[in-house]
Amino acid sequence: MSWKLNEIIVSRTEALPIEWNEMSPSGRVFVEIGFGNGEFLEYLARANPETLIVGVEVSQWCVTKGARRLLAAGLSNARLMHGDARFLLRHCFAPESVERVYMNFPCPWPKTRHAARRVTVPAFSDLMNYLIAPNGSFELATDVDWYAEETAEVFASNSAFRSDPAALNPERPYVTKYERKWKAMGKDTWSLTIHKDKKLDEVTEREEDWPMEGEAKTQKSVKEVIDSLKGREGAGVGGKGHWVFRDAFISEEGVGLMLVITADDGFEQHFYLKAIPNPRGVTIKVDSVGHPYRTPAMRAALLSALAAAND
């Protein structure tokens, strides 16, 4: 079954945003953020066979486990993405392309230094405004009362949304393993539904369809190019994000590898740039192993390497 995982896990993003509606039998798309072991995701896919269900999860193990679960269940109307939802939902989805978004019992991040990770920050409601279509909804289930209250307050400050009152110990169509365990301990849960009533005032400009390689016409050797890159860092395209070059290697075949670390709005990637000799100079390309996403910081790192090779 492992060889079929890529039928479920979406990892190649040559062109963004991804046309999710074209994968959906009806054009409808639901998203679950942080799907964990995948049981609620499986429920959504079974209960909505004509809708594409997209799960986004930061844990690679959970993504693999979720894909196996969906394959074992024979469900073809679900896809999974591995990574930080704050980046993936903004860049891999078209504006207002999702009908419903679900989050089940996310970590409330109670410490002040972790506050930016909560759904109770204005940036999250802005992201949902970008993602969710008019008349769509965001549904949160939590075991923390103040988390539900703060979420409702933050969304209330955005005129595109209205909130139902938080429901205490609601009857839910599907109860997850975590929720069953929590209830068995006699503890409370809350459910909150946020409705989107208005269209976006303006659509955020999207990145172009950036290439993943370029050629430098240079007299420099691969080693000279690689040595000139070590320790360089800078901002992403348009000032978005940050990149830094770390360790470098030269293979016996004379191909250089430069480790790059990028960060885009908290979304971090580690990948390699390849420097390959050719008759006209050096080709520099993003190594596709690991399927890194085309972020502003990645693009800037590639452009910086090409500029250094041409100096």
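No experiment lies behind these values; they were computed from the predicted model shown. (Residues numbered from 1 in each chain as written. Predicted model: local features only at pLDDT ≥ 70, side-chain atom pairs only at ≥ 80, totals over all residues. Heavy atoms only, no water.)

K.L.:
Explanation requested: the overall build of the protein chain in the structure shown.
P.N.:
Per the secondary structure count, the protein chain includes 9 helices and 14 strands. With the C-alpha coordinates of the protein chain rotated into their principal frame, the extents come out at 70 × 45 × 35 Å. Evaluated residue by residue, the protein chain yields a buried proportion of 50% over its 311 residues. If you take every contact in the protein chain between residues at least 6 apart in sequence, the share linking residues at least 24 apart comes to 71%. Summing over all exposed atoms, the protein chain offers an accessible surface of approximately 15,300 Å²; the carbon and sulfur share of this is 50%. (Helix = DSSP H or I, 4+ residues; strand = E, 2+ residues; numbered from the N terminus. Buried < 20%, exposed > 50% of the residue type's maximum accessible area, 1.4 Å probe, protein only. Contact = heavy atoms within 4.5 Å. Areas by Shrake-Rupley, 256 points an atom, 1.4 Å probe, with all protein chains shown as cover.)

K.L.:
Got a minute to help me understand the pairing of strand S2 (residues 52–57) in this structure?
P.N.:
Most of S2 sits inside the fold, with 6 of its 6 residues counted as buried. Burial along S2 is two-sided: Leu52, Val54 and Val56 and Ile53, Gly55 and Glu57, pointing in opposite directions, are all buried. Where strand S1 (residues 29–33) meets S2, 5 bridges bridge the pair, whose relative direction is parallel. Its bridge partner being in S2, glutamate 32 is matched across the sheet by glycine 55. Handedness of the crossover is the feature at issue here: the chain leaves S1, passes through helix H2 (residues 39–47), returns alongside S2, and the resulting connection is right-handed. In this sheet, strand S3 (residues 78–82) lies alongside S2 in parallel orientation, the contact comprising 5 bridges. The residue bridging valine 54 from the neighbouring strand is arginine 79, located in S3. (Pairing = 2+ DSSP bridges. Right-handed = clockwise from strand over helix to strand, strands pointing away.)

K.L.:
Help me understand the sheet that holds strand S14 (residues 281–286) in this model?
P.N.:
Note: strands within a sheet are paired through backbone hydrogen bonds, in either parallel or antiparallel orientation. With respect to topology, 6 strands assemble into an open sheet ordered S9-S14-S13-S12-S11-S10, the strand pairing being antiparallel. Among the strands making up the open sheet, the edge pair consists of strand S9 (213–216) and strand S10 (233–235). This sheet shows a mean twist of 25° between the axes of neighbouring strands, independent of strand direction. Examined bridge by bridge, strand S12 (residues 256–264) and strand S13 (residues 267–278) share 9 bridges and lie antiparallel to one another. Considered in S13, the bridge of alanine 263 is made with glutamate 268. Strand contacts of helix H9 (residues 296–310): S9, S10, strand S11 (242–250), S12, S13 and S14, with the helix running at about 55° to S11, the strand carrying the most contacts. (Axes fitted to C-alpha atoms, helices over the stretch in contact; angles between N-to-C directions.)

K.L.:
For this particular structure, what's the right way to read the packing of aromatic side chains?
P.N.:
Each aromatic ring pair is characterised by the separation of its centres together with the angle its planes make. For the coordinates displayed, the defined rule picks out 15 aromatic pairs. Between tryptophan 243 and phenylalanine 245, the aromatic rings sit 4.8 Å apart at their centres with planes inclined by 45°, giving tilted as the arrangement. The residues tryptophan 243 and phenylalanine 245 share a single accessibility class, namely buried. One aromatic cluster is present, built from ring pairs that chain together Phe30, Phe40, Tyr43, Tyr102 and Tyr174. Here the basic side chain of lysine 187 rests over the ring of tryptophan 182, its NZ or CZ set 4.5 Å away from the ring centre. (Phe/Tyr/Trp six-rings, centres within 6.5 Å; stacked < 30°, edge-to-face > 60°. Lys NZ or Arg CZ within 6 Å of the ring centre and 35° of its normal.)

K.L.:
So what exactly am I meant to see when it comes to helix H3 (residues 60–73) here?
P.N.:
Residue pairs spaced three or four apart in an α-helix point in one direction, given the helix's 3.6 residues per turn. For H3, spanning 14 residues, the distance from its first C-alpha to its last is 20 Å, which sits close to the expected 20 Å at 1.5 Å a residue. Of the surrounding secondary structure, the elements contacted by the buried residues of H3 are H2, S2 and S3. One or two steps after H3, the chain reaches glycine 74, where phi turns positive at roughly 70°. (Expected span 1.5 Å × (residues − 1).)

K.L.:
Where do I start with the packing of H2 against H3 in this structure?
P.N.:
When two helices pack together, their arrangement is given by the angle between the helix axes and by the axis-to-axis distance. The interhelical angle for the contact between H2 and H3, taken along N-to-C directions, is 35°, at an axis separation of 10 Å. Relative to H3, the crossing made by H2 is right-handed. Together, Glu39, Leu41, Glu42 and Arg46 of H2 and Arg69, Leu70 and Ala73 of H3 make up the contact between the two elements. Of the residues that constitute the contact of H2 with H3, the class distribution is 3 nonpolar, no polar and 4 charged. (Left-handed = near helix turned anticlockwise from the far one by under 90°. Nonpolar A, V, L, I, M, F, W, Y, C, P; charged D, E, K, R; others polar.)

K.L.:
It is not clear to me how the nonpolar core should be interpreted in this structure. Could you clarify?
P.N.:
Note that soluble globular proteins tend to have their nonpolar side chains buried in a common cluster. Among the nonpolar cores identified, the biggest contains 39 residues, and Leu89, Phe93, Met128 and Phe138 are the most heavily contacted of them. Secondary structure elements with two or more residues in this core: S1, S2, helix H4 (85–91), strand S4 (98–104), helix H5 (122–131), strand S5 (132–142), helix H6 (145–156) and strand S8 (190–196). Considering every element that reaches this core, the biggest residue donor is H5, with 5 residues. Core analysis: the second largest hydrophobic core is formed by 24 residues, Phe245, Phe271, Ala275 and Ala309 among them. (Core = buried A, V, L, I, M, F, W, Y, C linked by side-chain atoms within 4.5 Å.)

K.L.:
Honestly, the confidence of the model for the protein chain in this entry has me stumped. Any pointers?
P.N.:
Low-pLDDT portions of the prediction should not be read for the details of their coordinates. Summary statistics for the protein chain give a mean pLDDT of 88 and a share of 91% for residues scoring 70 or more. Mean pLDDT across the elements of the protein chain bottoms out in H4 (85) and peaks in S1 (98). (pLDDT = per-residue confidence, 0-100.)

K.L.:
Help me out: how do you make sense of the environment of threonine 189 in this one?
P.N.:
Within the fold, threonine 189 resides in the loop between helix H7 (177–184) and S8. Judged by relative accessible area, which is 1%, threonine 189 ranks as buried. Sequence-wise, threonine 189 and glutamate 32 are 157 residues apart; in three dimensions their C-alpha atoms are separated by 19 Å. Here threonine 189 is in contact with Phe105, Thr142, Asp143, Ala167, Leu168, Asn169, Pro170, Glu179, Trp182 and Lys183, once residues within four sequence places are set aside. Here lysine 183 takes part through its side chain, which lies 3.5 Å from a polar atom of the side chain of threonine 189. (Polar contact = N/O pair within 3.5 Å; in protein donor to acceptor, adjacent residues only side chain to side chain.)

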